[in-house]
Amino acid sequence: MKNISIDIETFSDIDLNKCGVYKYAESPNFEILLFGYAVDGSNVQVIDITHGEQIPAEILDALPNDAITKWAFNANFERVCLSRYLRDLGISLNPFHDNHPLSTGCARFLNPKGWKCSMVWAATMGLPLSLKGVGAVLKLEDQKMDEGKALIKYFSVPCAPTKINGGRSRNLPEDALDKWSVFKTYNKRDVEVEMGIKNRLAKFPVPDSVWDEYHIDQEINDRGVRLDMDLVQ
């Protein structure tokens, strides 16, 4: 195992667009619904966590292993969300220790150096910064499914309680099994599109210096910025 391509579908009551992935993933109501992955370009597997399916042990072991490269489109989202997921399972994010002088204790996030982002790759080529846009420009055989936006709105964010929906504030798979089946197909397709981008751009590798910049950027965001609250007051 050298590479894993990953895409996840999640739920949180925090608005991702307004608050960013860090606050999104820290919500007590955050959870991963679907985990789509492919190892070394093999067929895509979808783990339905909502229905009790478990991510294979060898994949869980690979996530903190920096010798195995994890790929995703906008990988910051997958990395931060999976960091929360692993912490909840009691899985240590070591062997990555954040040894920066301002850091205390063990790392709270998976080491960015174990990850690469196909969105960054697309950006270096002047391509769109969306999975759908890149797939369209590259004319990939597998294209991102248009149904995704509506499915994410249905399953991944809270809904307004109404008489029609029985006053619930969240849609679960059992509320629309037909939509859930399509959602799983959508998750699988996103991994396929991401792999298609990598294959199409294989002759135009990202310089190591750019990946170094990306990893530094991720570490800065993980660590945050300390504030002198006395000065703030």
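Reading the values: the criteria
- Residue indices follow the written sequence of each chain, beginning from 1 at its first position.
- Whole-chain, interface and lining totals are the exception, using all residues; otherwise, since this is a predicted model, local features are given only for residues with pLDDT of at least 70 and side-chain atom pairs are given and counted only at 80 or more.
- Values reported for side chains reflect all heavy atoms of the structure, with hydrogen atoms and water molecules removed beforehand.
- Elements are defined by DSSP. Helices are runs of H or I of four residues or more, strands are runs of E of two residues or more, and each kind is numbered from the N terminus.
- Put simply, the radius of gyration uses C-alpha atoms, and a globule should come to 2.2 Å times the residue count raised to 0.38.
- For the exposure calls, accessible area comes from a 1.4 Å probe over protein chains only, and a residue counts as buried if that area is under 20% of its type's maximum, exposed if over 50%, partly exposed in between.
- Contacts between residues were defined by any pair of non-hydrogen atoms, one from each residue, lying within 4.5 Å.
- Values of accessible area rely on a 1.4 Å probe in the Shrake-Rupley scheme; residue burial ignores everything except the protein chains shown.
- None of His or the chain ends enter the tally, which takes Lys and Arg as positive and Asp and Glu as negative.
- Positions of charges follow a simple convention, taking NZ of Lys, CZ of Arg, CG of Asp or CD of Glu.
- What is meant by a nonpolar core is a set of buried Ala, Val, Leu, Ile, Met, Phe, Trp, Tyr and Cys residues, joined one to another through side-chain atoms within 4.5 Å.
- Only rings of Phe, Tyr and Trp enter the pairing, Trp through its six-membered ring, and a pair is recorded when the two centres are within 6.5 Å. The plane angle decides the type: under 30 degrees is stacked, over 60 is edge-to-face, the rest tilted.
- Two conditions define a charge sitting above a ring: the NZ of Lys or the CZ of Arg must be within 6 Å of the ring centre, and it must be within 35 degrees of the ring normal.
- Expected helix span is given by 1.5 Å per residue-to-residue step, counting one fewer step than there are residues.
- Here a polar contact is taken to be a pair of N or O atoms separated by no more than 3.5 Å, where protein atoms must pair a possible hydrogen donor with a possible acceptor and residues adjacent in sequence count only if both atoms sit in side chains.

Peer 1: Which residues make up the overall build of the protein chain, and what values do they have?
Peer 2: If you tally the helices and strands in the protein chain, you get nine helices and five strands. Going residue by residue from the N terminus, the α and β elements of the protein chain occur as β-α-β-β-α-β-α-β-α-α-α-α-α-α. Computed over C-alpha atoms, the radius of gyration of the protein chain comes to 18 Å, within 12% of the 17 Å expected from 2.2 N^0.38 for 233 residues, which places it in the range of a compact globule. The principal-axis extent of the C-alpha atoms belonging to the protein chain is close to 55 × 50 × 35 Å. Here the protein chain, with 233 residues, has 45% of them falling under the buried criterion. Contacts in the protein chain between residues far apart in sequence, at least 24 positions, make up 71% of those at least 6 positions apart. Counting only carbon and sulfur atoms, one obtains 53% of the accessible surface of the protein chain, whose full area is about 12700 Å². Side-chain charges of the protein chain comprise 27 positive and 33 negative groups, with the mean position of each set lying 4 Å from the other.

Peer 1: How would you sum up the nonpolar core? Please name residues and give values.
Peer 2: If you look at the biggest cluster of nonpolar residues, it comprises 47 residues, and the most contacted ones within it are Ile6, Phe35, Ile55, Cys81, Leu82 and Ile197. If one sorts the elements of this core by residue count, helix 3 (residues 75-89) sits on top with seven residues. Apart from residues no more than four positions distant in its own chain, Cys81 is found in contact with Ile8, Thr10, Val21, Tyr24, Ala25, Phe30 and Ile32. Counting eleven residues, the second-largest nonpolar core is a separate cluster that includes Phe11, Leu34, Trp180 and Tyr186.

Peer 1: Which residues make up the packing of aromatic side chains, and what values do they have?
Peer 2: The full count for this structure, using the stated rule, is twelve aromatic pairs. Between Trp71 and Trp121 the ring centres are 5.6 Å apart and the planes differ by 35 degrees, which places this aromatic pair in the tilted class. Of the two residues, Trp71 is situated in strand 4 (residues 69-72) and Trp121 in helix 4 (residues 118-124); the sequence distance between them amounts to 50 residues. We note that Trp71, like Trp121, is buried. Site record: aromatic cluster; members linked through ring pairs are Tyr154, Phe155, Trp180, Phe183 and Tyr186. Arg170 extends its terminal NZ or CZ atom over the ring of Phe11, reaching a point 3.8 Å from the ring centre.

Peer 1: Pulling in residues and values, what's your account of helix 3?
Peer 2: Taking 1.5 Å as the rise per residue, helix 3 with 15 residues should run 21 Å; its terminal C-alpha atoms sit 21 Å apart, in good agreement. Of all 15 residues in helix 3, twelve are buried, a share of seventy percent or more. Along helix 3, the residues classified as buried are Ala75, Asn76, Phe77, Glu78, Arg79, Val80, Cys81, Leu82, Ser83, Arg84, Tyr85 and Leu86.

Peer 1: I'd like a description of the side chain of Ser156, backed by residues and values.
Peer 2: Position of Ser156 among the secondary structure elements: in the loop between helix 6 (148-155) and helix 7 (177-200). Judged by relative accessible area, which is 6%, Ser156 ranks as buried. One polar contact links the side chain of Ser156 to the main-chain carbonyl oxygen of Thr10, over a distance of 2.8 Å. Residues within four places of Ser156 in sequence aside, it is in contact with Thr10, Phe11, Ser12, Tyr24, Leu33, Leu151 and Phe183.

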